[in-house]
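Report on the structure
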Amino acid sequence: MPGFPARSSPGALRLHEEGAAPYSAELSHRRRRGTWTRSRKLRSLWRIREEWKLLGFFEINRAHEFYEFTCMLKEGLKAAIQEVIDNPPMGILQESDFTAVLKQAHEGFEMRTYAGLAFARFRQFLGMADRDYQQSLSCENAYLQFISNSKSTADFFLTNDKRFFLKTQSKREIHFLLSNLSKYLEHLERYPHSLLVKFLGVHSIIVPQEKKKYFITMQSVFCPHERIVERYDIKGCQLDRWVEAAPEGSQIIMVFKDFNFEGKTICLDEQRAWFMHQVELDTQFLRELAVMDYSLLVAFQPLHEDEQTINRTLANIIARTKRSLVPCSSLVHRGAESSELTCLSSVMRNASSLDQINNFPRGSSLHEFIYMLQKSSFDLRGASLADQSDLFQEALITYLTQASSCDQLPLAIPEADSNLSNIADSCLRLAQNRRLLPNSRNPLHIIDGPKFRYFVGIIDLFTVYSFRKKLEHCWKSIRYRGQSFSTVNPSHYARRLCQWVEEHTT
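In what follows, the accompanying structure is described. In this text, all values refer to a predicted model and were calculated from it rather than measured experimentally.

Across the sheet, 8 strands lie side by side as β1-β4-β5-β6-β8-β7-β3-β2; this open sheet has antiparallel pairing. Both edges of this open sheet fall to β1 (57–59) and β2 (101–106), since each of them pairs with a single strand only. Adjacent strand axes in the sheet meet at a mean angle of 25° when their direction is disregarded.

Across all of its chains, the model carries 21 aromatic pairs by this definition. Seen from their ring centres, Tyr232 and Phe256 are 5.9 Å apart, and the 40° between their planes marks the pair as tilted. Taken together, the residues span a long stretch of sequence, with Tyr232 in strand β9 (residues 230–234) and Phe256 in the loop between β9 and α8 (258–261) at a distance of 24 residues. What makes Tyr232 buried here is its relative accessible area of 2%. Here the aromatic cluster, defined as three or more aromatic residues joined through ring pairs, consists of Tyr232, Phe256, Phe261, Phe300, Phe452, Tyr454 and Trp500. Positioned over the ring face of Phe69 is Lys213, at 4.5 Å from the centre of the ring. Over the ring of Trp274 we find Arg435, and its NZ or CZ is 4.7 Å from the ring centre.

We now examine helix α6 (residues 171–179). Given 3.6 residues per turn, any residue in an α-helix points the same way as the ones three and four places further on. If you check which residues of α6 are buried, you get Glu173, Ile174, Phe176, Leu177 and Leu178. On its buried face, α6 is in contact with β3 (109–114), α4 (116–125), β6 (164–169), α7 (181–190), β7 (199–206) and β8 (213–219).

Within the structure shown, the criterion is met by 11 salt bridges. With its nearest N and O atoms 3.3 Å apart, the salt bridge here joins Lys167 to Asp460. Separated by 293 residues along the polypeptide, Lys167 in strand β6 and Asp460 in the loop between β12 (452–459) and α17 (467–479) bring together distant segments of the chain. Asp460 gets classed as partly exposed once you look at its relative accessible area, which sits at 29%. Among the salt bridges present, the one from Glu472 reaches Lys469, with a minimum N-O distance of 3.3 Å. Residue Glu472 and its partner Lys469 are located together in helix α17, separated by 3 residues, close to a single helical turn. The exposure class of Lys469 is partly exposed, given its relative accessible area of 21%. Through salt bridges with shared partners, a single ionic network connects Asp233, Arg241 and Asp258.

In this structure, Ser179 sits in helix α6. For Ser179, a relative accessible area of 44% corresponds to the partly exposed category. Residues Ser179 and Phe98, 81 residues apart in the sequence, show an inter-C-alpha distance of 8.3 Å. There is a polar contact of 3.4 Å between the side chain of Ser179 and the side chain of Asn180.

What follows covers the environment of Ala273. Counting through the fold element by element, Ala273 comes out in helix α9 (residues 272–288). Assessed through its relative accessible area of 42%, Ala273 is described here as partly exposed. Residues Ala273 and Glu502 lie 229 residues apart in sequence; the distance between their C-alpha atoms is 9.4 Å.

This part covers the sheet that holds strand β11 (residues 446–448). Strand order across the open sheet formed by 4 strands is β9-β10-β12-β11, with antiparallel pairing between neighbours. Looking along the sheet, the strands with just one partner apiece sit at the ends: β9 and β11. Pairwise comparison of adjacent strand axes, ignoring direction, gives a mean angle of 20° for this sheet. Note: β11 against β12, 3 bridges, orientation antiparallel. When the bridges of β12 are listed, Ile446 appears paired with Phe455. The sheet contacts of α9 involve β10 (295–302), β11 and β12, and relative to β12 the element is tilted by about 10°.

A word on the pairing of β2. The pairing of β2 with β3 spans 6 bridges and is classified as antiparallel. Directly across from Gln104, in β3, lies its bridge partner Met111. The hairpin formed by β2 and β3 contains 2 residues between the paired strands, and Gly108 there has a positive phi angle of roughly 90°.

Analysis parameters
Residues numbered from 1 in each chain as written. Predicted model: local features only at pLDDT ≥ 70, side-chain atom pairs only at ≥ 80, totals over all residues. Heavy atoms only, no water. Pairing = 2+ DSSP bridges. Helix = DSSP H or I, 4+ residues; strand = E, 2+ residues; numbered from the N terminus. Axes fitted to C-alpha atoms, helices over the stretch in contact; angles between N-to-C directions. Phe/Tyr/Trp six-rings, centres within 6.5 Å; stacked < 30°, edge-to-face > 60°. Buried < 20%, exposed > 50% of the residue type's maximum accessible area, 1.4 Å probe, protein only. Lys NZ or Arg CZ within 6 Å of the ring centre and 35° of its normal. Contact = heavy atoms within 4.5 Å. Salt bridge = Lys/Arg side-chain N within 4 Å of Asp/Glu carboxyl O. Polar contact = N/O pair within 3.5 Å; in protein donor to acceptor, adjacent residues only side chain to side chain.

Here it is in structure tokens:
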């Protein structure tokens, strides 16, 4: 196993002490031969690594340096997830759930799982089945190692189905995540369609005579990746934000940067307002944690003509609306009190009255529909988050269903008259800044525009604006005068990224 020191046999030591010259010569020959063999193996691995770089990720097979490590990861993760399958979390998370540590001994290593119940509850919140999650992380197919032009020194592994990333992290980064985990979950509960990367687990692995390794599991933003044509890592600054393109015809997976994006736009039409507001909400949350130097990932995938048509059909809009408003129980908040629920019942009866929906004139503008909802005492202050979802779902779906019975309503909404789609999207924004999710895998990180499907997510959330970073800021201010760089205070960083989004979206 890697990391264990090689041991010489007692016989070899005894002969060496006795000054046995013939054996010493043979031992020296063996050592030289062993050194040459190791060097040849390293050169071979380096050559294979250089070849695999052409694909961006490669299979971690038996010849790979991380093969034994990934086998331990699979075994440990399978047992850790089985623990929450056998003892699933129930109800609201308690403070002790965020500090719990599960230790599981395996042959040759120990796996530790941090805040296991909290992350399991979060996976439930996302609609993720732990059996599927376990299967992806522990299946017999080899992990993939991801190689990009990123400067990160962390090791990145990708499950064979490319749904989940495993990334090694420092002890400081793990402590920061766990100490702010309840705040992170509160933000995701308040804004279920947040663009923040979805952390799904925190673990460490201990192998005798080796340094403890911490790692996280998270959803891949760029999934499914098959038809993605361009990838960008955006920070909203200038310094070191250009990447040379790969040679024409090369299959290298490049992740480009800010300057490479110049001249391009993210065309979202009616979803632009939602996107800008959600970036503002997410960066505000990170600012409150004093976090900076995070990235907005953006990828482009052309939409086929049939996909563009399907996105405008009435049946698709209704299905997407229902999907976008799936009620979910609370993670860290308690439900409304009985008096509040009584008030909510009255509000629901008033707001979702079929008489009001039926009397609402067909073809009325989006603003009139929203005004009707607001006029119906659409007060959500006393309602739990799940009840807000129920309330909006009842009113909105009833409206869409009533509209679908009209003979003149087209099955596909023309681009010039997407009123119904706008109604659904804008009403969703009233509830926790939700949006119309696409009918696709990984919907929380996908936004469909008129011509392109965009993969978006905010990653790398562990860099705190510490005293050391403040000193770095002072040095860069002198060294790179007149240029913008990433080491700035969190308020400036958040404001600058929001400005970039505003300038590069339509």
